[in-house]
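# Tertiary structure, described
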Amino acid sequence: MRDTRPTVNISFDGVDYEGYVGESVLECARRNGVTIPSLCFLEGLSVWGGCRICVVEVAEGHRLRPACATQVTPDMEIKIETPRLRAYRKSVLELLFAEGNHVCAVCVSNGKCELQDMAVFSGMDHVRYDYQAPRREVDASHPKYVFDPNRCILCTRCVRVCDEIEGAHVWDISYRGEHAELITEMNRPWGDSLSCTWCGKCVAVCPTGSLAYEGRSIGEMEHDPVMIKRLAVARSRGEWLDPEGAI
Amino acid sequence: MKQASIATAWLGGCSGCHMSFLDMDEWLFELADVADIVYSPIADVKEFPSDVDATLVEGAVANEDNLELALEIRAKSRLVLSFGDCAVSGNVTAMRNPLGDPQQILQNVYVEAPDRDGLIPNAPGIVPPLLPQVRPLHKVIRVDAFLPGCPPPADRIQAALEALLEGALPPNRGEAIRWG
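This text gives an overview of the structure that appears in the document. Since this is a predicted model, take the numbers as computed values, not measurements.

The subject of this paragraph is unusual backbone geometry. In this model, Cys150 of chain B is joined to Pro151 of chain B through a cis peptide bond whose omega is -5°. By the element assignment, Pro151 of chain B lies in the loop between β7 (145–147) and α6 (154–165). For Asn187 of chain A, which is not a glycine, the phi torsion comes out positive at approximately 60°. Mapping Asn187 of chain A onto the fold places it in the loop between β8 (181–184) and α5 (201–205). Even without being glycine, Asn91 of chain B reaches a positive phi, approximately 50°. Mapped onto the secondary structure, Asn91 of chain B falls in the loop between α4 (85–89) and α5 (102–112). Take Asn91 of chain B: there are 27 C-beta atoms within 10 Å of it, and that puts it in the buried class.

Below, the structure is given as structure tokens:
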């Protein structure tokens, strides 16, 4: 199907591209095969704009903007690979690593982790900040899944997928600032949840080893975030609706 | 020509990084042709020598002995490398940090755990006291380069040593810095 949306001319790092009115800088880049790193963004879910990994420079005023939450405008000159942006991305990652207890060596997602991959991409060979070493209890009360808040980066993918796709809204963020944490229902153990449907979408989208299948050992947990795009696309096309209209 | 001098040291870690060092196999012979290993847990040397060109430090700084050796290494080495995830980040060694007071941890492990004899090891001068928090090496001394990995694969260590022998710092981009 041909896209009939009105277009605008934009550029990424000095190279001209065509953007659609209404699409985000990140969408436009991905569609054109231009890499903008991101972490909390997930195709098929609403935009959160929380992780700040996808920040770009927009030439006028050199203000930093999250590519996922900024719409393309005519003649926008977007910078992605500048020394300043590389430095910011690395700082953001170091802060994420310093905030929780991310021990790759003993993590279920070791080698299959978006946070770990982003550290490689961003050139993070050590963390300059002091590790906070917060004390966080693992919730293994659910029969099928385990939640380890030590590995959580508060990207809210699980919150969004549970609310927007599954419609259960089991997950939420509680408390503020450095005390912010992911909770299930009214901060009760996940296993006691009455609203959880056991669908596993939260586990599928988790970028780290924070949400995993029960019984997984080091490096054994593979997530499937692309599943959400498949669901969202199929749903938008009404693929599961009975053509006769019976359902 | 004077051979390059290389040291390796073992602080709070499992020695897995040194196992990986040995995994360089026959390249160790080539290394021995161009460099002297002047101090290492796998060489019988008691005192850390002066004027070391580069020291690879495995492990985090977890106790008073680690701290003392780290300071001595810095004073006597031209280049210091954090060798493996424990030195780089604290890693597994630092997993006690969220639990707080080390005395309480020793109490839990040695006294309250049912399969122990109920005594906290106490041998002044032999068993070093634990520091309040486990720290990555670069939080204690200046570190010149980082070699993440748990353990760093042998080819990554070899690439780092080859760079050092040519007077350069180890590669620090791409897969060369993958943690875990």
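Below, the discussion takes up the sheet that holds strand β5 (residues 77–83) of chain B. Residue and element names in this part refer to chain B. Read across the sheet, 5 strands follow the order β2-β1-β3-β5-β7 without closing on themselves; strand pairing throughout is parallel. The open sheet has two free edges, formed respectively by β2 (35–39) and β7, since each of these has just one partner strand. Across the sheet, the mean angle separating the axes of adjacent strands is 30° when strand polarity is ignored. Here strand β1 (residues 4–10) runs beside strand β3 (residues 52–58); their pairing, made up of 5 bridges, is parallel. Bridge pairing links Trp10 to Glu58 in β3.

The rules behind these values
- Residues numbered from 1 in each chain as written.
- Chains lettered and ligands numbered in written order.
- Predicted model: local features only at pLDDT ≥ 70, side-chain atom pairs only at ≥ 80, totals over all residues.
- Helix = DSSP H or I, 4+ residues; strand = E, 2+ residues; numbered from the N terminus.
- Buried ≥ 20, exposed ≤ 12 C-beta atoms within 10 Å, placed from the backbone.
- Pairing = 2+ DSSP bridges.
- Axes fitted to C-alpha atoms, helices over the stretch in contact; angles between N-to-C directions.

Remember that the coordinates give geometry; whether it matters functionally is a separate question.
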